[in-house]
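Observations on chain architecture
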Amino acid sequence: MKTSLIPTFFAATSLLFASMSFAIDLDSAKDKGLVGEQTDGYLGAVVNQPDVLALINEVNVKRKNKYNQLAAKNNLTLEQVEKLAAKKAYEKTASGHYVLVNGSWVKK
């Protein structure tokens, strides 16, 4: 019985570290100017690379799920939540990171 728990422990530990490295990757991508915040509440590609696009997709899927939950909980539309999230993301974007302004990427 004990031996069957070992693979489960390692699998759970791997998932934990994978999610931790994901957060580091996002911060790193922002620091390197690869991604930026868009006016629709989602992350966008400043640099069009496959690994960047995969990261953006993963982040945006999670954001959309969260936005849908917030919309349902607060009796709002998805679009309303997206606009509020975009405003908040722009305000919280660190100096030197990118935001989309009038269709162009601009360093804040």
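For the structure, check the block above.
Here is a short report on the structure shown in this document. (Residues numbered from 1 in each chain as written. Predicted model: local features only at pLDDT ≥ 70, side-chain atom pairs only at ≥ 80, totals over all residues. Heavy atoms only, no water.)

With respect to the element layout, Asn60 can be found in helix α2 (residues 50-73). Judged by its relative accessible area of 15%, Asn60 is buried. (Helix = DSSP H or I, 4+ residues; strand = E, 2+ residues; numbered from the N terminus. Buried < 20%, exposed > 50% of the residue type's maximum accessible area, 1.4 Å probe, protein only.)

With their axes 9 Å apart at the nearest point, α2 and helix α3 (residues 78-92) run at an angle of 115° to one another. Seen from above, α2 lies across α3 with right-handed handedness. Side by side, α2 and α3 meet where Lys64, Tyr67, Asn68, Leu70 and Ala71 of the first sit next to Leu78, Val81, Glu82 and Ala85 of the second. Here the residues of the contact of α2 with α3 sort into 6 nonpolar, 1 polar and 2 charged. (Axes fitted to C-alpha atoms, helices over the stretch in contact; angles between N-to-C directions. Left-handed = near helix turned anticlockwise from the far one by under 90°. Contact = heavy atoms within 4.5 Å. Nonpolar A, V, L, I, M, F, W, Y, C, P; charged D, E, K, R; others polar.)

This part takes up the nonpolar core. Residues Leu26, Ala29, Leu34, Val35, Leu43, Val52, Leu55, Ile56 and Val59 constitute the largest nonpolar core, which totals 9 residues. Mapped by element, the contributors of at least two residues to this core are α1 (2-31) and α2. Each residue touching Ala29, except ones within four places of it in the same chain, is listed here: Leu34, Val35 and Leu55. Among the nonpolar cores identified, the runner-up in size contains 6 residues, and Tyr42, Tyr67, Leu78 and Val81 belong to it. (Core = buried A, V, L, I, M, F, W, Y, C linked by side-chain atoms within 4.5 Å.)

Relative to strand β3 (residues 98-101), strand β1 (residues 35-37) runs parallel, the two being bridged by 2 bridges. Across the sheet, Glu37 pairs through a bridge with Val99, a residue of β3. Sheet topology note: the β3/strand β4 (residues 104-107) ladder contains 4 bridges and is antiparallel. From the neighbouring strand, Leu100 faces β4, where its bridge partner is Trp105. The hairpin turn running from β3 into β4, its antiparallel successor, is 2 residues long, and Asn102 in that turn takes a positive phi close to 50°. (Pairing = 2+ DSSP bridges.)

Turning our attention to α2. Given a rise of 1.5 Å per residue, 24 residues ought to cover 34 Å, and the 35 Å separating the end C-alpha atoms of α2 matches this to within 8%. Positive backbone phi, at 55°, marks Asn75, one or two positions downstream of α2. (Expected span 1.5 Å × (residues − 1).)

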